[in-house]
Amino acid sequence: MSPSRSSLGRRVLRWLALTAALCAAAPVWAAEPAPEAAAPPPAAVTPGDIERDPWQAPIHDPSATAMRAFHRALAQAEAGKAQLRVAFWGASHTAADFWTGHIRRQLQARTADAGHGYILPVRWHLGLRHQDVNVRASRDWTVHRHRQLDPVPVGDFGYGGVAFSSNDPSSFVSISTCTENVCGRKADRFELWVRRGPKAGSLRVVIDGKARVVRTQAAEEAVGFEAIALPDGAHEIEFRPVGDGEVYLYGVVFERSGPGTVVDAMGIPGMRGAIWLNWRLDRFREMVRRRAPHLVVLAYGTNAVGDDAPAIEAQREAWREVLLRARAVAPGASCLVIGPTDRPNKPDAGGVRAPRPRQNAVVQMQREVAAEFGCGHWDAVAAMGGQGSMARWVQAGLARGDWVHLSEAGYTLLAERLLDAMLRGYRPPAAPPAR
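Here is what the cut-offs are and how they apply
Counting from 1, residues in each chain are numbered in the order their sequence is written. Thresholds applied to this predicted model are a pLDDT of at least 70 for local features of residues and 80 or more for the giving and counting of side-chain atom pairs; totals over whole chains, interfaces and linings are not thresholded and use all residues. To get the side-chain values, take all heavy atoms of the structure and skip hydrogens and water. Labels follow the DSSP assignment, with helices taken as runs of H or I lasting at least four residues and strands as runs of E lasting at least two, numbered in each case from the N terminus. Three labels apply to residues, based on accessible area from a 1.4 Å probe with only protein chains included: buried if under 20% of the type maximum, exposed if over 50%, partly exposed otherwise in between. Contact between two residues is taken to exist if any of their heavy atoms lie within 4.5 Å; hydrogens are not considered. Computed with a 1.4 Å probe, the accessible areas rest on the Shrake-Rupley method; for each residue, only the protein chains presented here act as cover. Here the expected span of a helix is defined as 1.5 Å times the quantity of residues minus one. Planes of paired rings set the category: under 30 degrees apart is stacked, over 60 is edge-to-face and the rest tilted, where pairs are Phe, Tyr or Trp rings (Trp by its six-membered ring) whose centres lie within 6.5 Å. Salt bridge, as used here: a side-chain nitrogen of Lys or Arg that lies within 4 Å of a carboxyl oxygen of Asp or Glu. Disulfides are defined as cysteine sulfur pairs within 2.5 Å. By nonpolar core we mean a set of buried residues, namely Ala, Val, Leu, Ile, Met, Phe, Trp, Tyr and Cys, connected to one another through side-chain atoms within 4.5 Å. Think of it this way: DSSP has to see at least two bridges between two strands before they count as a pair. Note on definitions: angles span 0 to 180 degrees between N-to-C directions of axes, and those axes are lines fitted to C-alpha atoms, for helices only across the stretch in contact. With respect to orientation, any angle under 35 degrees is reported as roughly parallel, any angle over 145 as roughly antiparallel, any angle of 65 to 115 as roughly perpendicular, and every other angle as oblique. Two helices crossing with the near one rotated counterclockwise from the far one by less than a right angle form a left-handed crossing, whereas a clockwise rotation gives a right-handed crossing. Amino acids outside the nonpolar list (Ala, Val, Leu, Ile, Met, Phe, Trp, Tyr, Cys, Pro) and the charged list (Asp, Glu, Lys, Arg) are all regarded as polar, and Gly is one of them.

(A) Fine view of the overall build of the protein. Helix and strand counts for the protein come out as twelve helices and 16 strands. With 435 residues in all, the protein has 57% of them scored as buried. Pairs at least 24 apart in sequence give 80% of the contacts found in the protein among residues at least 6 apart. For the protein, the accessible surface area stands at approximately 17,700 Å², while carbon and sulfur atoms represent 54% of it.

(B) Looking closely at helix H5 (residues 99–110). Given a rise of 1.5 Å per residue, twelve residues ought to cover 16 Å, and the 17 Å separating the end C-alpha atoms of H5 matches this to within 8%. Of all twelve residues in H5, ten are buried; the element is thus mostly enclosed. Buried within H5 are the following residues: Trp99, Thr100, Gly101, His102, Ile103, Arg104, Arg105, Gln106, Leu107 and Gln108.

(C) Summary view of the packing of aromatic side chains. Following the criterion strictly, the structure yields 15 aromatic pairs and no others. Considering the side-chain rings of phenylalanine 98 and tyrosine 411, the 6.1 Å spacing of their centres and the 35° angle between planes classify their relative orientation as tilted. Pair noted here: phenylalanine 98 is in the loop between helix H4 (92–95) and H5 and tyrosine 411 is in helix H12 (residues 408–423), with a separation of 313 residues, a long-range link. The exposure class of phenylalanine 98 is buried, given its relative accessible area of 13%. By relative accessible area, which is 3% here, tyrosine 411 ends up buried. Here tyrosine 300 and tryptophan 319 contribute two aromatic rings whose centre-to-centre distance is 6.3 Å and whose plane-to-plane angle is 65°, an arrangement assigned as edge-to-face. Taken together, the residues tyrosine 300 in the loop between strand S14 (295–299) and helix H7 (302–305) and tryptophan 319 in helix H8 (residues 312–329) connect sequence positions 19 residues apart. Judged on exposure class, the residue tyrosine 300 and its partner tryptophan 319 are both buried. Members of the aromatic cluster, each reached through a chain of ring pairs, are Trp89, Tyr118, Tyr159, Trp193, Phe225, Trp276, Trp279 and Phe284.

(D) Broad picture of the pattern of salt bridges. The full count for this structure, using the stated rule, is 26 salt bridges. Where arginine 240 meets glutamate 238, a salt bridge forms, and the shortest distance between an N and an O atom there is 2.8 Å. Its relative accessible area of 24% is what places arginine 240 among the partly exposed residues. Salt bridges sharing partners connect three or more residues here, namely Arg85, Arg189, Glu191, Glu255, Asp264, Arg290 and Arg291.

(E) Layout of the state of the cysteines. Tallying each qualifying case throughout the model produces one disulfide. Linked covalently through their sulfurs, cysteine 335 and cysteine 375 form a disulfide whose S-S length is 2.1 Å. Between cysteine 335 and cysteine 375, the S-S torsion sits near 90°, and that sign places the bridge as right-handed. A residue pair is termed long-range when its members are at least 10 positions apart, and cysteine 335 in strand S15 (residues 334–338) and cysteine 375 in the loop between helix H9 (359–372) and strand S16 (376–378) qualify at 40 residues.

(F) Summary view of the nonpolar core. By size, the foremost hydrophobic cluster in this structure holds 67 residues, and its most contacted members are Trp89, Phe190, Leu192 and Trp276. The element that contributes the greatest number of residues to this core is strand S12 (residues 247–255), accounting for seven residues. Trp55, Leu74, Trp393 and Leu413 belong to the second largest nonpolar core, which has 47 residues in total.

(G) How the structure looks around the pairing of strand S7 (residues 187–196). Within S7, seven of the ten residues are buried, which leaves the element mostly enclosed by the surrounding structure. Across nine bridges, S7 lies against strand S10 (residues 222–233) in antiparallel orientation. Of the residues in S10, the one forming a bridge with tryptophan 193 is phenylalanine 225.

(H) Quick peek at the packing of H5 against H12. Running from amino to carboxyl end, H5 crosses H12 at an angle of 50°, the nearest separation of the two axes being 8 Å. Taken together, the axes of H5 and H12 are oblique relative to one another. As H5 runs across H12, the sense of the crossing is right-handed. For the pair H5 and H12, the contacting residues are Trp99, His102, Ile103, Gln106, Leu107 and Arg110 in the first and Tyr411, Thr412, Leu414, Ala415, Glu416, Leu418, Leu419, Met422 and Leu423 in the second. Tallied by class, residues from the contact of H5 with H12 come to ten nonpolar, three polar and two charged.

Right under this line is the structure:
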């Protein structure tokens, strides 16, 4: 059954307490410092006030079918018969893996822990984190991704929109399971996603102290999936280039093969949904189909709210192209578009933050385009309490002083409200009859 709204506050507080005790070591890197911003007014609002605020944010789904594949896969996972696989793409909200991490944990609590999933292994941006898996990497990898001023509009950036390369044996990535966390304690499958080619180099991979060499050379350029089976349990893996040619790394997979839930979270801070149109389609399609998600989530819009251009109609056409791709690369999956969070203007001379004129237009445009493609749409502004709600979230400590990003507690609360919407209409599998 979907969690009742009256129990959301208690669930959030219980989960935060549990996370503090058991998941303190989940993010390996320190939290990103908040950008300097005008100080918020004195706090007169508490997190409990926000939890009790009235809010209405069901998934807008005129087709009544947008979440069907997700619900079916969840029922199979809850029955212990299969995996539920969810893929999130987005901007900085997603890159932090706070709300996606909470959804991962909650769905794994309903089913089983099938592992973390896909990982961008190099922390190329301060806002990038992974929950419930330990990840370290040297900073000397070359980063490949689309930038607004790139002379080449389409690139080979892989499943997460970011790739990394190096020919230096001092470059390294280290990944390990957690020891004290609620989730992430075991894995039985590790995959290196690389680009093969005539001049590609090799990787020295050390798994639990045992070394092997993985070669990525090939006669023709192609995507390579180097899968390594492991005993189900705790593991520590490090890999680095041998130095015999450039290694081009898309990412890695670290998970389990049994029933349960996997949530892939791929976020690029500062991006809009149109970023999808800058990724090489054939490579992207091949990778999405290998991950075979039952639910594709596109969480963009907060950055677009602050844009002066392009016009909303141009954004509408770009979103149509994006959702056309989403349907093409994952034709049987549920599809969900998540709109922007509340983002008011910077303060005027009197300290007043007026609503941004584009916010409602972006939300409405996304909702309409999502409906055209049979996708659901979730209004995050409404879930926060409506336009202007960011002020109360900042005062309550649920959002940061930049009035754009949320605190970890804020992302947890928003994730609870999103999960409530995702589970509406879901019917769990019937319990087996008592013998």
